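Spelled out from the first residue to the last, the chains are:
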Number of protein chains: 4
Amino acid sequence: ERASELQLQKDAVSQKLQETETRNAELEAQLAGLEQRVETSQVEQESFRKSLRSLLELLDGKIFELTELRDSLAKLIDGTFVRARVE
Amino acid sequence: ERASELQLQKDAVSQKLQETETRNAELEAQLAGLEQRVETSQVEQESFRKSLRSLLELLDGKIFELTELRDSLAKLIDGTFVRARVE
Amino acid sequence: ERASELQLQKDAVSQKLQETETRNAELEAQLAGLEQRVETSQVEQESFRKSLRSLLELLDGKIFELTELRDSLAKLIDGTFVRARVE
Amino acid sequence: ERASELQLQKDAVSQKLQETETRNAELEAQLAGLEQRVETSQVEQESFRKSLRSLLELLDGKIFELTELRDSLAKLIDGTFVRARVE
């Protein structure tokens, strides 16, 4: 009698263990999947950041070139009207 | 004899179950933490995207204003030298 | 005889004087016209110069605003990925 | 008596003619000088106009390049967050 009761208890615990192990495997798969997504996302963010930095450098170049153009215009205006006053 | 053997087996399975449940709780905490990080990261990315879109609109405005300035310069050049030829 | 010869010479000189005075008046009118054109042209050039200077100031403003936009983009890129590493 | 009077008159007219011719030569020189200045000024204005047109073309180029940069930024923003949603 004692033996059959213990058998039932052992079976119940074994059943619970199996369920818990299944849940465990699911959680580990979920975690691995999410970690993979985070890693992919970080690689993408890094790539995005690099692209943005390239655009920033391009923008720096354009601002520099506009400043050169501005200086040429300033010199042109001044130069012309120095000459005009000499006449 | 049979009863004491079953008791040992049951204890072993119970021990394993407890360990698995502990591991389970750890995994769930890890998963919840990671999901929180992913969510935070998405909120940040969304906020980052909005800031970039604001900058894009500002850039659109600057390009539009430079185009207006360019048109003013074009009209000024043409206008002046139409007048100059009339003289 | 001497008197009529002198009369002829005097008439010839008077004729020449009249022609020269007519030519003189023409030259003075031409000169006044040209001086007027030069003055008008200088006023126009001065006005043109002022317009160009206004455009130059506008261009300075646009370059300044593009530089501010560039700085915002730089801060945005850096700020985001400082946050990203903290995660 | 008549002859000496005519001689005086002729001398006076000759004197006046000489003065008028001198004035004429001065006016012609002034006119030639002014015409030279106008011509020089027109050449300079033409050269100035060409320089301004060159700057205008440069400005067109810079605006075009800023527009390309703007389009790259727009594509980058959209592209990134399409990818982000797929995750």
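Criteria and thresholds
Residues numbered from 1 in each chain as written. Chains lettered and ligands numbered in written order. Predicted model: local features only at pLDDT ≥ 70, side-chain atom pairs only at ≥ 80, totals over all residues. Heavy atoms only, no water. Contact = heavy atoms within 4.5 Å. Salt bridge = Lys/Arg side-chain N within 4 Å of Asp/Glu carboxyl O. Polar contact = N/O pair within 3.5 Å; in protein donor to acceptor, adjacent residues only side chain to side chain. Nonpolar A, V, L, I, M, F, W, Y, C, P; charged D, E, K, R; others polar. Least-squares fit on C-alpha atoms with pLDDT ≥ 70 in both. Core = buried A, V, L, I, M, F, W, Y, C linked by side-chain atoms within 4.5 Å. Buried < 20%, exposed > 50% of the residue type's maximum accessible area, 1.4 Å probe, protein only. Helix = DSSP H or I, 4+ residues; strand = E, 2+ residues; numbered from the N terminus. Buried area = accessible area lost by both parts, 1.4 Å probe.

Chemist: Looking at this structure, how should I read the interface of chain B and chain D?
Modeler: Frequently, the measure chosen for interface size is the accessible area removed from exposure when the parts meet. Facing the 19 residues of chain B at the interface are 19 residues of chain D. Remark: the boundary between chain B and chain D carries four salt bridges. Between D:Asp60 and B:Arg70 there is a salt bridge, and its shortest N-O distance comes to 2.4 Å. The tally of links from chain B across to chain D stands at four residue pairs in polar contact (both at pLDDT 80 or more). Of the residues in the side of chain B that touches chain D, the class split is 11 nonpolar, two polar and six charged.

Chemist: What exactly am I supposed to notice about the relation of the copies chain B and chain D here?
Modeler: The pair of chain copies shares a relation made of a rotation about an axis and a shift along it. With an RMSD of 0.1 Å, chain B superimposes on chain D once it is rotated by 180 degrees and translated 0.0 Å along the axis. Expressed as an axis order, the relation between the two copies is that of a two-fold axis. Across chain B, the smallest distance between a C-alpha and the rotation axis is recorded for B:Ile63, namely 3.2 Å. A high fraction, 100%, of the interface residues of chain B reappear at the interface in chain D, so the copies pair face to face through one surface.

Chemist: Would you take a moment to explain the relation of the copies chain B and chain A for this structure?
Modeler: Superposition of chain B onto chain A requires a rotation of 177 degrees combined with a translation of 0.1 Å along the rotation axis, giving an RMSD of 0.2 Å. By residue overlap, the copies meet face to face through one surface: 100% of the interface positions of chain B are interface positions in chain A.

Chemist: Would you explain the nonpolar core in this entry?
Modeler: Side chains of a nonpolar character, in soluble globular proteins, are inclined to be buried together. Membership of the largest hydrophobic core comes to 48 residues, with the highest contact counts inside it found for A:Leu52, B:Leu52, C:Leu52 and D:Leu52. Of all elements in the fold, only helix 1 (2-86) of chain A, helix 1 (2-86) of chain B, helix 1 (2-86) of chain C together with helix 1 (2-86) of chain D reach the threshold of two or more residues within this core. Sequence-distant contacts of D:Leu52, defined by excluding residues within four places in its chain, comprise A:Leu73, A:Leu76, B:Ile77, C:Phe48 and C:Leu52.

Chemist: What exactly am I supposed to notice about the interface of chain B and chain A here?
Modeler: Contacts between the two partners involve 28 residues from chain B, matched on the other side by 28 residues from chain A. Across the chain B to chain A interface the summed buried area is about 2600 Å²; carbon plus sulfur atoms make up 70%. B:Lys16 serves as the salt-bridge partner of A:Glu21, at 3.5 Å between the closest nitrogen and oxygen. Counting across the chain B and chain A interface gives nine residue pairs in polar contact (both at pLDDT 80 or more).

Chemist: Where do I start with the pattern of salt bridges in this structure?
Modeler: Opposite charge on two side chains makes pairing possible when the charged atoms of those side chains draw close. Enumeration according to the criterion identifies 36 salt bridges over all chains in this entry. We note a salt bridge from B:Glu28 to A:Arg23, for which the minimum N-O separation is 2.9 Å. Taken together, the residues B:Glu28 in helix 1 and A:Arg23 in helix 1 connect one chain to another. When the shortest N-O distance is used, the salt bridge between B:Glu65 and C:Lys62 registers 2.7 Å. One end of the pair, B:Glu65, is in helix 1; the other, C:Lys62, is in helix 1, on a second chain. Sharing partners across several salt bridges, the network here consists of A:Lys62, A:Glu65, D:Lys62 and D:Glu65.

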